[in-house]
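Examination of the molecular architecture
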Amino acid sequence: MDTIHACFKEKIGEVLLPGDVFSVRLPESGDESIKTEKIICGPGLRRNGEEVQVCKSGILRHKQPNLYWIDSQQRRYVPAKGESVIGIVTAKSGDIFKVDVGGSEQASLSYLAFEGATKRNRPNVQVGDLVYGQFTIANKDMEPELVCIDSCGRANGMGVFGADGLLFKVSLGLVRRLLAPQSEIIKDLERIFPFELVVGMNGRVWVKAKTVQQTLIVTNLLETCENMTSQQRQTLFKRVAGGFL
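Residues numbered from 1 in each chain as written. Predicted model: local features only at pLDDT ≥ 70, side-chain atom pairs only at ≥ 80, totals over all residues. Heavy atoms only, no water.

Comments concerning unusual backbone geometry
One non-glycine residue, aspartate 164, adopts positive backbone phi at about 70 degrees. Along the chain, aspartate 164 falls in the loop between β13 (159-161) and β14 (166-169). Positive phi, normally seen in glycine, also occurs at glutamine 182, with a value near 55 degrees. Note that glutamine 182 resides in the loop between α3 (172-179) and α4 (184-190). (Helix = DSSP H or I, 4+ residues; strand = E, 2+ residues; numbered from the N terminus.)

In structure tokens form, the structure reads like this:
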């Protein structure tokens, strides 16, 4: 019997509120297989001893085999280690750039955290530039720290970008849908006309299409997708595509 998972599974798809509690206390049993069960708590859930507490309002989601999280429509971003985000350079302070990532405080970015950067060969980064980077440090007790290189020292798509495009903000729930493998929203948009797209886990999205008009259309369609069903979205996209064929 999947005892620990049972209390979670009956709530999948339901709206939960901060303060709701799941008990993960093991029953008194000699069955060793039950004791090896584990629950992985994703965003919105926090383990506290023999309880799992809900700390965000939203819908409980599940991914096989044992990952659970709260799917919320929050807009306030909380930095997390390893997540890739779009930041705006706000200041230069010695060898450090200060970057607005949409959290409660700004992140720091070293001038050496770019591909090929050395003390003599500094990257060309100006205040107001957009950067796509990844958190190496992100916790409540320290200032967040960004880098624009991977573990091999390569840019791998990160760094300064954003010439002539449009930056806007969406909910974190929509970001997860856009970043999902084989995202249906992206596939439907690509059928209308080509465009470039950069999505940050902090809710920022950058778009650039062939013309300013097309860029604005893609932006409006993405913002409209927020509260649409799949069928409503496809109907709208077909109407827009019909105007360009």
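Picking up where we left off.
Details of the layout of surface pockets
Space inside the largest pocket adds up to approximately 1300 Å³. For the largest pocket, the lining is made up of 44 residues, of which Pro43, Lys56, Val78, Glu83 and Arg176 are closest to its centre. Breaking the lining of the largest pocket down by element, the ones donating at least two residues are β4 (45-48), β6 (58-63), β7 (67-71), β11 (130-139), β12 (142-147) and α3. With seven residues, α3 is the single largest residue contributor to the lining of the largest pocket. Taken together, the residues that form the lining of the largest pocket break down as 21 nonpolar, eleven polar and twelve charged. (1 Å grid on protein atoms, 1.4 Å probe; cavity = no way out; pocket = protein on both sides within 12 Å on 5 of 7 lines; lining within 4 Å. Points joined across faces, edges and corners; volume = space filled by probe spheres on them. Nonpolar A, V, L, I, M, F, W, Y, C, P; charged D, E, K, R; others polar.)

Some remarks on the nonpolar core
One finds Leu109, Phe135 and Leu146 to be the most contacted residues of the largest nonpolar core, which totals 28 residues. Within the residue set of this core, elements represented by two or more residues are β8 (84-93), β9 (96-100), β10 (107-110), β11 and β12. Examining the composition of this core, we find that five residues originate from one element, β11, more than from any other. Other than its neighbours up to four places away in sequence, phenylalanine 135 contacts Tyr77, Pro79, Ala80, Lys81, Gly82, Glu83, Val85, Val101, Ala107, Pro144, Glu145 and Leu146. Phe168, Phe195, Ala209 and Ala241 belong to the second-largest nonpolar core, a separate cluster that totals 24 residues. (Core = buried A, V, L, I, M, F, W, Y, C linked by side-chain atoms within 4.5 Å. Buried < 20%, exposed > 50% of the residue type's maximum accessible area, 1.4 Å probe, protein only. Contact = heavy atoms within 4.5 Å.)

Quick notes on the pairing of strand β15 (residues 195-199)
As a general feature of sheets, a regular strand has side chains that alternate between the two faces. In terms of strand pairing, β15 meets strand β16 (residues 204-209) through five bridges, oriented antiparallel. Residue pairing in the sheet places phenylalanine 195 in a bridge with alanine 209 of β16. Two successive antiparallel strands, β15 and β16, enclose a turn made up of four residues, where glycine 203 displays a positive phi of approximately 90 degrees. (Pairing = 2+ DSSP bridges.)

Some points on the pattern of salt bridges
A side chain of one charge can pair with a side chain of the opposite charge when the charged atoms of the two come close. Under the definition given, this model contains ten salt bridges. When the shortest N-O distance is used, the salt bridge between arginine 233 and glutamate 184 registers 3.4 Å. One end of the pair, arginine 233, is in helix α6 (residues 230-242); the other, glutamate 184, is in helix α4, and 49 residues separate them in sequence. Between arginine 233 and aspartate 188 there is a salt bridge; the shortest N-O distance is 3.2 Å. Taken together, the residues span a long stretch of sequence, with arginine 233 in helix α6 and aspartate 188 in helix α4 at a distance of 45 residues. For the pair arginine 233 and aspartate 188, a shared accessibility class is recorded, and that class is buried. Salt bridges sharing common partners tie together Glu184, Asp188, Arg191 and Arg233. (Salt bridge = Lys/Arg side-chain N within 4 Å of Asp/Glu carboxyl O.)

That is the geometry; function is a separate question.
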